[in-house]
Amino acid sequence: MAERTGAEAGAEAVSGERENGEGEGGGAGAAVVSLGDGWENDDGAGQRPEDEAGRGVVVAFGQTMKTLRVREGLEREEFGRRLGYSASTIASFEQGRRIPTPRTIERADEVLRAGGLLCLWKEQVERAQYPVFFQGMAVLEKECLELLMYDTHVINGLLQTEEYMRALLAMRRPPLDSETVEQRVTARLARQDIFDRKSAPLLSFVVNEAVLRHRYGGTDVLRGQLELILLAGQKQNVEIQVMPTECEENAGVNGPFTVVTRKDGKKFVYTETHTTSSLETDPEQTALAAARYGIIRSQALSPRESTKFIEGLLGAL
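These lines cover the structure that appears in this document, whether it is placed above or below. Once a new chain begins, its residue numbering starts again from 1 and follows that chain's sequence as written. Only residues with pLDDT of at least 70 get local features here, since the model is predicted, and only at 80 or more are side-chain atom pairs given and counted; chain-wide, interface and lining totals rely on the full set of residues. Where side-chain values are given, they derive from all heavy atoms of the structure, hydrogens and water being excluded.

## A short note on the overall build of the protein chain
Here's step 1: Only DSSP runs of H or I with at least four residues qualify as helices, and only runs of E with at least two residues qualify as strands; both kinds are numbered from the N terminus onward. If you tally the helices and strands in the protein chain, you get 13 helices and seven strands.
Here's step 2: Among the 317 residues that make up the protein chain, the fraction classed as buried is 48%.
Here's step 3: Residues are treated as being in contact if the distance between any of their heavy atoms lies within 4.5 Å. Residue pairs in contact within the protein chain that sit at least 24 positions apart in sequence constitute 74% of those at least 6 positions apart.
Here's step 4: With residues, only the protein chains shown are counted as cover, and all accessible areas are computed by Shrake-Rupley using a 1.4 Å probe. When the accessible surface of the protein chain is summed, it comes to about 14900 Å², and 50% of that surface belongs to carbon and sulfur atoms. Using a 1.4 Å probe on the protein chains alone, a residue whose accessible area is under 20% of its type maximum counts as buried, one over 50% counts as exposed, and one in between counts as partly exposed.

## Section: the pattern of salt bridges
Note that side chains of opposite charge can pair when their charged atoms are close.
Here's step 1: By salt bridge we mean one thing: a side-chain nitrogen of Lys or Arg within 4 Å of a carboxyl oxygen of Asp or Glu. Counted by the stated rule, this structure contains 17 salt bridges.
Here's step 2: Between Glu 209 and Arg 213 there is a salt bridge, with its nearest N and O atoms 2.8 Å apart. Here the residue Glu 209 and the residue Arg 213 both occupy positions in helix 10 (residues 209-213), the gap between them amounting to four residues, near one helical turn.
Here's step 3: Looking at Glu 209, the relative accessible area reads 7%, which means it is buried.
Here's step 4: Among the residues examined, Arg 213 registers a relative accessible area of 45% and is labelled partly exposed.
Here's step 5: A salt bridge links Asp 264 to Arg 262; its shortest N-O distance comes to 2.8 Å.
Here's step 6: By relative accessible area, which is 5% here, Arg 262 ends up buried.
Here's step 7: A single network of salt bridges, built from pairs that share partners, joins Arg 69, Arg 76 and Glu 94.

## Digging into unusual backbone geometry
Here's step 1: For the bond from Arg 173 to Pro 174, the omega torsion is 0°, close enough to zero to count as cis.
Here's step 2: Within the chain, Arg 113 stands out as a residue other than glycine whose phi angle is a positive 50°.
Here's step 3: Residue Arg 113 is classed as exposed on the basis of its relative accessible area, which comes to 63%.

## Considerations on the packing of helix 8 (residues 162-170) against helix 9 (residues 178-191)
In helix packing, the relevant descriptors are the interaxial angle and the interaxial distance, both defined with respect to the helix axes.
Here's step 1: Every axis in this analysis is a line fitted to C-alpha atoms, fitted for helices over the stretch in contact. Angles between the N-to-C directions lie between 0 and 180 degrees. One can describe the packing of helix 8 onto helix 9 by two numbers: an axis separation of 10 Å at closest approach and a directional angle of 140°. When the axes of helix 8 and helix 9 are compared, the pair comes out oblique. Note that helix 8 runs across helix 9; the crossing there is right-handed. Along its contact with helix 8, which presents Glu 162, Met 165, Arg 166 and Leu 169, the element helix 9 presents Val 181, Glu 182, Arg 184, Val 185, Arg 188 and Leu 189. In these notes the angle categories are as follows: under 35 degrees is roughly parallel, over 145 is roughly antiparallel, 65 to 115 is roughly perpendicular, and the rest is oblique. Working rule for handedness: look at the near helix, and if it is turned counterclockwise from the far one by less than a right angle, call the crossing left-handed; if clockwise, right-handed.

## Focus on the packing of helix 11 (residues 219-232) against helix 13 (residues 303-316)
Here's step 1: Put simply, helix 11 and helix 13 touch, their axes get as near as 10 Å, and they point 160° apart. Relative to helix 13, helix 11 is oriented roughly antiparallel. Seen from above, helix 11 lies across helix 13 with left-handed handedness. Together, Arg 223, Leu 226, Glu 227, Ile 229 and Leu 230 of helix 11 and Thr 307, Ile 310, Glu 311, Leu 313 and Leu 314 of helix 13 make up the contact between the two elements.

## What to know about the packing of aromatic side chains
Here's step 1: Whether two aromatic rings pair depends on their centres lying within 6.5 Å, for rings of Phe, Tyr and Trp, where Trp uses its six-membered ring; planes under 30 degrees apart make the pair stacked, over 60 edge-to-face, and the rest tilted. Tallied over the full model, the rule gives five aromatic pairs.
Here's step 2: Taken together, the aromatic side chains of Tyr 150, Phe 257 and Tyr 293 make up a single cluster linked through ring pairs.
Here's step 3: Between Arg 292 and the ring centre of Phe 257, over which it is positioned, the NZ or CZ distance is 4.9 Å. In this scheme, the term charge over a ring applies when either NZ of a lysine or CZ of an arginine sits within 6 Å of the ring centre and within 35 degrees of the ring normal.

## Some details on the pairing of strand 2 (residues 144-151)
Here's step 1: For strand 2, a buried count of six out of eight residues is recorded, marking the element as mostly surrounded by other parts of the structure.
Here's step 2: As defined by bridge partners, strand 2 adjoins strand 3 (residues 202-208) across six bridges and the pair is classed as parallel. Looking at the pairing, Leu 147 lines up with Leu 203 of strand 3. Here the rule is simple: two strands pair whenever DSSP picks up at least two bridges between them.

## Notes on the side chain of Arg 191
Here's step 1: Mapped onto the elements, Arg 191 comes out in helix 9.
Here's step 2: Assessed through its relative accessible area of 3%, Arg 191 is described here as buried.
Here's step 3: In this structure the side chain of Arg 191 is engaged in a polar contact, spanning 2.7 Å, whose partner is the side chain of Glu 141. Polar contact is defined as a pair of N or O atoms within 3.5 Å, subject to the rule that within protein one atom must be able to donate a hydrogen and the other to accept it, and that residues adjacent in sequence are counted only when both atoms are side-chain atoms.

## A word on helix 11
Here's step 1: Multiplying 1.5 Å by the helix residue count minus one yields the expected span of that helix. With 14 residues, helix 11 ought to run about 20 Å at 1.5 Å a step, and its terminal C-alpha atoms sit 20 Å apart, in line with that.
Here's step 2: Among the residues of helix 11, those classed as buried are Val 221, Leu 222, Gln 225, Leu 226, Ile 229, Leu 230 and Ala 232.
Here's step 3: Lining the buried residues of helix 11 we find helix 8, helix 10, strand 4 (238-243) and helix 13.

## Observations concerning the nonpolar core
Here's step 1: Counting residues in hydrophobic clusters, the biggest one holds 39 residues, and the most contacted among them are Leu 147, Phe 205 and Leu 212.
Here's step 2: By residue number, the principal contributor to this core is helix 11, which donates six residues.
Here's step 3: Setting aside anything within four residues of it in sequence, one finds Leu 212 in contact with Ile 155, Val 207, Leu 222, Leu 226, Ile 229, Val 242, Ile 310 and Leu 313.
Here's step 4: Definition used in this section: a nonpolar core is a set of buried Ala, Val, Leu, Ile, Met, Phe, Trp, Tyr and Cys residues joined via side-chain atoms within 4.5 Å. Leu 68, Phe 93, Ala 108 and Val 125 belong to the second-largest nonpolar core, a separate cluster that totals 20 residues.

So, in structure tokens, the structure goes:
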């Protein structure tokens, strides 16, 4: 139970701080630690019991949608046609095996004349697609002004292609079941809408050269992954830098981390290790992490140099 309590605290601290501000009870100066299997880097031990709560929400939503569909006298084929999905996908939604997007839920509410009943589930269903311990970080990604990401093991989840995601998930030991794989792929892809937001945050990625050379999933998967990174680097709000292996100094030797700056200026630091993840809120520690990231960025190749470097890797495949 202690593990679950710590995990839930991560999400609650973020939402509670938003409600309470920096006054008493706001939690400023406290480090919130969440225990659970790795999410961003897929380094953990597999699915945790906390994920069952999220599945319960998705299953309950699916049953509600099916009840409303049957009430309207719609077969899955017709309902799917109106939503732009196949009958099998509708079945997956109704059985809780796939998680619909917020827009899909809104459209389903309209088609089924639910009067907002399905829309009431949007926030819960969206949150359920993430392991409990990651939900606080997921909230921050949606509200952030800036994300600073340093990665040393795999490509950052925000930059991963679907093929790369599936290759990483397939390597998990013990193996993940197919439903968990589909849920995590869907959730990770949904996070990538951060690039298309009307008011997009500033995104900075520094990635170790070795990460860009690992052929997880094969050469074709890596080729597609490098191409996506180059495309993302063309966006005005995105900077991608490579930390070359020949670099003699690297302030990031302690491992990967992400610094999040919320729109109110509050900073957080998210880290993962083999069996734990944490969301740091202490002002001193978050300031130090941001400063450390600045040093890392200065030691890495410049964005322009990094683009040429990645193009060279791609050309050599």
